[in-house]
Amino acid sequence: MSDILNHIEQNPKKTKRLIGLEYEQLQQLIQNAERLHHEKQELLESKKVIIIAGGGGRKPKLSLKEQIILTLVYLRHLTTFELLGIQFGVSESTANDTFNYWLPILREVLPSSLIEQVKKNESDLMVVKEILTDYELIVDSYEQVRERLGIIKNKRNITLARHVNIHLKVR
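Our subject in this report is the structure included herewith. (Residues numbered from 1 in each chain as written. Predicted model: local features only at pLDDT ≥ 70, side-chain atom pairs only at ≥ 80, totals over all residues. Heavy atoms only, no water.)

Some thoughts on the overall build of the chain
Counting its regular elements, the chain contains eight helices and two strands. Counting from the amino terminus, the chain carries its helices and strands in the arrangement α-α-α-α-α-α-α-α-β-β. Considering the chain as a whole, with its 171 residues, one finds that 23% of them fall into the buried category. Nonlocal contacts in the chain, meaning residues at least 24 apart in sequence, comprise 54% of its contacts between residues at least 6 apart. If you sum the accessible surface of the chain, you get close to 14,100 Å²; carbon and sulfur atoms cover 53% of it. (Helix = DSSP H or I, 4+ residues; strand = E, 2+ residues; numbered from the N terminus. Buried < 20%, exposed > 50% of the residue type's maximum accessible area, 1.4 Å probe, protein only. Contact = heavy atoms within 4.5 Å. Areas by Shrake-Rupley, 256 points an atom, 1.4 Å probe, with all protein chains shown as cover.)

Shown next, in the form of structure tokens:
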């Protein structure tokens, strides 16, 4: 079991901060995603032509629950797959493959945004856009002046920039 999953199960109140969902919502999401995963696997198995008895092959390193958590951690924090692999004890490519497998399943399980829901109906889309234009987005930011080398007006000056300090040498 991964450290993140252990931490979530030991501290369910911190789930919202780590994953972006409440613990109960996470449990429900995992149940629905696993159910959909099993349905898809059964459908694939029914279409296969089996020559060798089933049950062989390498077992996955991550449980289904850990795979879903991996996908949710990526969506929440947008970390690299290399770091995600290190966190979950798998390779970078396994983390990438796991994410790309579970993303479409989670898209089916999770509710879509309001705009995605009304995209097909043009009149509803216009109403939603009109409602959303009534809201004001407030961004709190602070601008800092950046020190940049200016244009040298006197060609005899040589500009030397070392780290943050700027030294002018006059000939």
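Notes on the pattern of salt bridges
Tallied over the full model, the rule gives three salt bridges. The residue Lys 65 makes a salt bridge to Glu 9 at a minimum N-O spacing of 3.0 Å. In this pair, Lys 65 sits in helix H4 (residues 64-77) while Glu 9 sits in helix H1 (residues 3-10), placing the two residues 56 residues apart along the sequence. Exposure remark for Glu 9: the relative accessible area of 33% places this residue in the partly exposed category. Across the salt bridge formed by Lys 40 and Glu 108, the nearest N and O atoms sit 3.1 Å from each other. (Salt bridge = Lys/Arg side-chain N within 4 Å of Asp/Glu carboxyl O.)

Description of the side chain of Thr 79
Mapped onto the fold, Thr 79 is located in the loop between H4 and helix H5 (81-88). Not counting chain neighbours up to four residues away, the residues in contact with Thr 79 comprise Tyr 74 and Leu 84.

Quick notes on helix H3 (residues 23-47)
Between its first and last C-alpha atoms H3 spans 36 Å; for 25 residues at 1.5 Å apiece the expected length is 36 Å, and the two agree. Turning to H3, its buried residues number three or more, namely Leu 26, Leu 29, Ile 30, Ala 33, Leu 36 and His 37. (Expected span 1.5 Å × (residues − 1).)

Focus on the nonpolar core
Residues Ile 19, Leu 26, Ile 69, Leu 72, Leu 84 and Phe 88 are the most contacted members of the largest nonpolar core, which totals 27 residues. At the level of elements, H1, H3, H4, H5 and helix H6 (92-109) are the ones that each hand at least two residues to this core. Once residues lying within four places of it in the same chain are set aside, the contact partners of Leu 26 are Ile 8, Thr 15, Ile 19, Leu 21, Ile 69 and Leu 72. (Core = buried A, V, L, I, M, F, W, Y, C linked by side-chain atoms within 4.5 Å.)

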